[in-house]
Amino acid sequence: ISNDKDYLASRISYKLGLNGPSIVIQTACSTSLVAVVTAVNALLSGQCDYALAGGISLQWPRGKGYMFREGQIFSKDGVVRTFDAEANGTVLGEGAGMVVLKRARDAIRDRDNIWAIIRGSAVNNDGIDKTGYTAPSVSGQAMVIELSQNHADVTAEEISYIEAHGTGTKLGDPIEVAGLTDAFKRSTSELGFCA
């Protein structure tokens with residue numbers, strides 16, 4: 001149980017003496033973001049006063065590589081070209097990251113360094129309406145963006161920067177842009193305000 005992924009969150013809580021929800025989340029590419037949304041909801045519901053949320057991706061065995069298959073997600077030449085006409089797929093990376101989250105009023109009161117404020121969030125799944133099992137639908141993407149905006153009470157015009165998933169695939173990137181475009185068009189006809 002020292003190395004199994006199912007025990008990671010409770011092991012950290014045990015080692016650091018943390019109380020409250022201790023949850024391992026596995027949602028493929030969205031794991032870290034869903035972990036943050038789950039932590040935000042735990043803070044807002046009073047289950048905890050601060051939360052740790054993050055994700056880890058490690059490849060094992062080391063240096064294994066992948067088999068390219070036409071029409072699948074992996075890049076033919078091992079290069080990711082996100083939102084590029086020459087995009088032909090993605091590659092897997094490794095890394096780990098974690099954030100400490102608190103309610104804004106508590107962080108201000110405690111004079112914490114505040115790097116960002118999460119004003120709203122949402123999680124969804126478009127089920128059978130997906131473009132394919134590993135690719136979302138435009139309508140599902142637009143819906144979760146609109147839910148997030150409504151939760152945050154933010155209009156599209158107030159958003160000046162988007163950090164995108166950007167798989168570098170011919171299927172995924174256009175769906176992501178179309179979903180953002182559809183969601184934003186629901187509240188504005190303005191163009192060129194968001195990077």
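Described below are features of the structure shown in this document. (Residues numbered from 1 in each chain as written. Predicted model: local features only at pLDDT ≥ 70, side-chain atom pairs only at ≥ 80, totals over all residues. Heavy atoms only, no water.)

## A word on the packing of helix 4 (residues 138–152) against helix 5 (residues 172–185)
- At their nearest, the axes of helix 4 and helix 5 sit 8 Å apart, and the two run at 50° to each other. One finds that helix 4 runs oblique with respect to helix 5. Two packed elements cross with a definite hand, and for helix 4 against helix 5 that hand is right-handed. Along the contact surface, helix 4 presents Val 138, Gln 141, Ala 142, Ile 145, Glu 146 and Gln 149, while helix 5 presents Ile 175, Glu 176, Ala 178, Gly 179, Leu 180, Asp 182, Ala 183 and Phe 184.
- Tallied by class, residues from the contact of helix 4 with helix 5 come to 8 nonpolar, 3 polar and 3 charged. (Axes fitted to C-alpha atoms, helices over the stretch in contact; angles between N-to-C directions. Helix = DSSP H or I, 4+ residues; strand = E, 2+ residues; numbered from the N terminus. Parallel < 35°, antiparallel > 145°, perpendicular 65-115°, else oblique. Left-handed = near helix turned anticlockwise from the far one by under 90°. Contact = heavy atoms within 4.5 Å. Nonpolar A, V, L, I, M, F, W, Y, C, P; charged D, E, K, R; others polar.)

## Remarks on the nonpolar core
- Counting 12 residues, the largest nonpolar core consists of Ile 25, Val 34, Ala 35, Val 36, Ala 39, Val 40, Ala 42, Leu 43, Cys 48, Ala 51, Ala 53 and Leu 101.
- For this core, the secondary structure elements donating two or more residues are helix 2 (31–44) and strand 1 (50–57).
- When neighbours within four sequence positions are excluded, Ala 35 is seen to be in contact with Ile 25, Ala 53 and Gly 54.
- Formed by 10 residues, the second largest nonpolar core is a distinct cluster that contains Ala 152, Ala 156, Ile 159 and Ala 183. (Core = buried A, V, L, I, M, F, W, Y, C linked by side-chain atoms within 4.5 Å. Buried < 20%, exposed > 50% of the residue type's maximum accessible area, 1.4 Å probe, protein only.)

## Remarks on the environment of Asp 84
- In this fold, Asp 84 is placed in the loop between strand 1 and strand 2 (95–102).
- With relative accessibility at 40%, the residue Asp 84 sits in the partly exposed group.
- Put simply, Asp 84 and Val 40 are 44 residues apart on the chain and 34 Å apart in space, counted from C-alpha to C-alpha.
- Side-chain polar atoms of Asp 84 contact the backbone nitrogen of Glu 86, separated by 2.6 Å. (Polar contact = N/O pair within 3.5 Å; in protein donor to acceptor, adjacent residues only side chain to side chain.)

## A closer look at unusual backbone geometry
- With an omega dihedral of 0°, the bond running from Trp 60 to Pro 61 counts as a cis peptide bond.
- Within the chain, Ala 28 stands out as a residue other than glycine whose phi angle is a positive 60°.
- Inspection of the secondary structure assignment puts Ala 28 in the loop between helix 1 (8–16) and helix 2.
- Positive phi, normally seen in glycine, also occurs at Arg 111, with a value near 55°.

## Remarks on the pattern of salt bridges
- Counting across every chain of the model gives 10 salt bridges.
- Linking Arg 103 and Asp 49 is a salt bridge whose minimum nitrogen-to-oxygen distance equals 2.7 Å. Pair noted here: Arg 103 is in the loop between strand 2 and helix 3 (104–109) and Asp 49 is in the loop between helix 2 and strand 1, with a separation of 54 residues, a long-range link.
- For Asp 49, a relative accessible area of 51% gives the class exposed.
- As a salt-bridge pair, Arg 109 and Asp 106 come within 3.3 Å of each other at their nearest N and O atoms. (Salt bridge = Lys/Arg side-chain N within 4 Å of Asp/Glu carboxyl O.)

## Some remarks on a nonpolar patch on the surface
- A cluster of nonpolar side chains, contributed by Leu 16, Tyr 50, Leu 52, Met 98 and Val 100, occupies part of the molecular surface with about 510 Å² of accessible area.
- For the nonpolar patch, the secondary structure elements donating two or more residues are strand 1 and strand 2.
- With respect to the helices and strands, the residue Tyr 50 is situated in strand 1.
- A relative accessible area of 45% means that Tyr 50 is categorised as partly exposed. (Patch = residues over 30% accessible without salt bridge, like charges linked within 9 Å, V, L, I, M, F, W, Y side chains within 5 Å. Areas by Shrake-Rupley, 256 points an atom, 1.4 Å probe, with all protein chains shown as cover.)

## Quick look at the environment of Ala 42
- Secondary-structure assignment places Ala 42 in helix 2.
- Separated by 21 residues in the primary sequence, Ala 42 and Pro 21 have C-alpha atoms spaced 7.6 Å apart.
- Excluding residues that lie within four positions of it along the chain, Ala 42 makes contacts with Pro 21, Gln 47 and Cys 48.

## Examining helix 5
- Over its 14 residues, helix 5 extends 20 Å from the first C-alpha to the last, a length consistent with the 20 Å expected when each residue adds 1.5 Å.
- Regarding helix 5, the residues found buried are Gly 172, Asp 173, Ile 175, Glu 176, Gly 179, Leu 180, Ala 183 and Phe 184. All buried residues of helix 5 lie within an arc of 165° about the axis, which places them on one face of the element.
- Against helix 4 lie the buried residues of helix 5. (Expected span 1.5 Å × (residues − 1). Arc of directions from axis to C-beta.)

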